[in-house]
Amino acid sequence: MRIPTFPRQSTDEDTATGRTPVTPRRDDGATTTTLPPVRSETERARTISEPVAVPSPAPRARTGFLATLGLILSVAGAMLVLSGPLLGYGVGVAAVALIISLAGVFATRKRHVAGKTGALIGMVLSIGAIVLGVLALTGQVWWLDTGTHSAGELRTWLDSQFVNRI
């Protein structure tokens, strides 16, 4: 539909200033459209009162259970590995978390299942915990072994740092 435009009216002032007057536009009937016919009030009321079919919304994406469980177990495995005395258990929990995170990645391939990023973070964290745990168990990491009480040493170090400041 074209918006109607109105030509500028030429005046005597236009001829005095040397401006050329604007010529009216010629529209041919092929480019213009007609408005729909006016409906009566009863027709309008009937169309308003008729129920309108609303399409149902698409199902919302849900986070995959395996992806979330794999992320939680990988964080728990990493904390157990970093604890020191629970190093062996941490490697085991991280191995289970790796398997569950892999299953979570495959589960997110389905439609409307989210959580791929969480599953991938769980995989990376569990692989890191396994590698660090195996290195600590073989004695390759000097600051972490089963005899190290990391939490106790951290508390002692923090106490020594803040003893005179607080």
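Sequence positions are assigned chain by chain, starting from 1 and proceeding in written order. Given that this is a predicted model, residues contribute local features only at a pLDDT of at least 70 and side-chain atom pairs are listed and counted only at 80 or more, while totals for whole chains, interfaces and linings are drawn from all residues. To get the side-chain values, take all heavy atoms of the structure and skip hydrogens and water.

## Regarding the environment of A151
Comment: elements are numbered from the N terminus, with helices defined as DSSP H or I runs of at least four residues and strands as E runs of at least two. Assignment of secondary structure puts A151 in helix α6 (residues 150-162). As a C-alpha pair, A151 and L82 span 69 residues in sequence and 9.0 Å in three-dimensional space.

## Brief notes about the pattern of salt bridges
The working definition used for a salt bridge is a side-chain nitrogen of Lys or Arg within 4 Å of a carboxyl oxygen of Asp or Glu. In this structure the tally under the stated criterion is one salt bridge. Between R155 and D159 there is a salt bridge, with its nearest N and O atoms 3.2 Å apart. Within this pair, R155 and its partner D159 are both found in helix α6, separated by four residues, close to a single helical turn.

## Examining the nonpolar core
Nonpolar cores are built from buried Ala, Val, Leu, Ile, Met, Phe, Trp, Tyr and Cys residues. Side-chain atoms within 4.5 Å join them into one set. Buried means the residue's accessible area, taken with a 1.4 Å probe over protein chains only, is under 20% of the maximum for its type, while exposed means over 50%, and partly exposed covers the values in between. Membership of the largest hydrophobic core is limited to nine residues, which are A78, V81, L87, V91, A94, A129, A136, V141 and L144. Among the secondary structure elements, those contributing two or more residues to this core are α3 (65-83), α4 (87-107) and α5 (116-137). In terms of residues, this core owes the most to one element, α4, which gives three residues. We call two residues in contact when some of their heavy atoms are within 4.5 Å. Look past the residues within four positions of V91 in its chain and what remains in contact with it is V81, I130, G133, V134 and L137.

## Notes on α4
To estimate how far a helix should reach, multiply one less than its number of residues by 1.5 Å. The first and last C-alpha atoms of α4 sit 30 Å apart over 21 residues, in line with the 30 Å expected at 1.5 Å per residue. Residues of α4 that are buried sit in contact with α3 and α5.

## As for the UniProt feature "transmembrane region" (unreviewed entry) in the protein
UniProt positions are given in the numbering used here, feature names are shortened, and annotations may be inferred rather than shown by experiment. As annotated by UniProt and renumbered to match this structure, "transmembrane region" (unreviewed entry) occupies residues 64-82, 88-107 and 119-143. Helix makes up 100% of residues 88-107 and strand 0%, whereas the separation of the span's terminal C-alpha atoms amounts to 29 Å. Taken end to end, residues 119-143 has its terminal C-alpha atoms 29 Å apart, with 76% of it in helix and 0% in strand.

## Quick look at α5
Over its 22 residues, α5 runs 31 Å from end to end, which matches the ideal 32 Å to within 8%, given 1.5 Å per residue. Residues of α5 that are buried: A119, G122, M123, S126, A129, G133 and A136. Along the axis of α5, the buried positions cluster into a sector of 170°, meaning they face one direction only. Facing away from the buried side of α5, by more than 90 degrees, are the exposed residues T117 and V124. Think of the arc as the fan of directions from the helix axis to the C-beta atoms.

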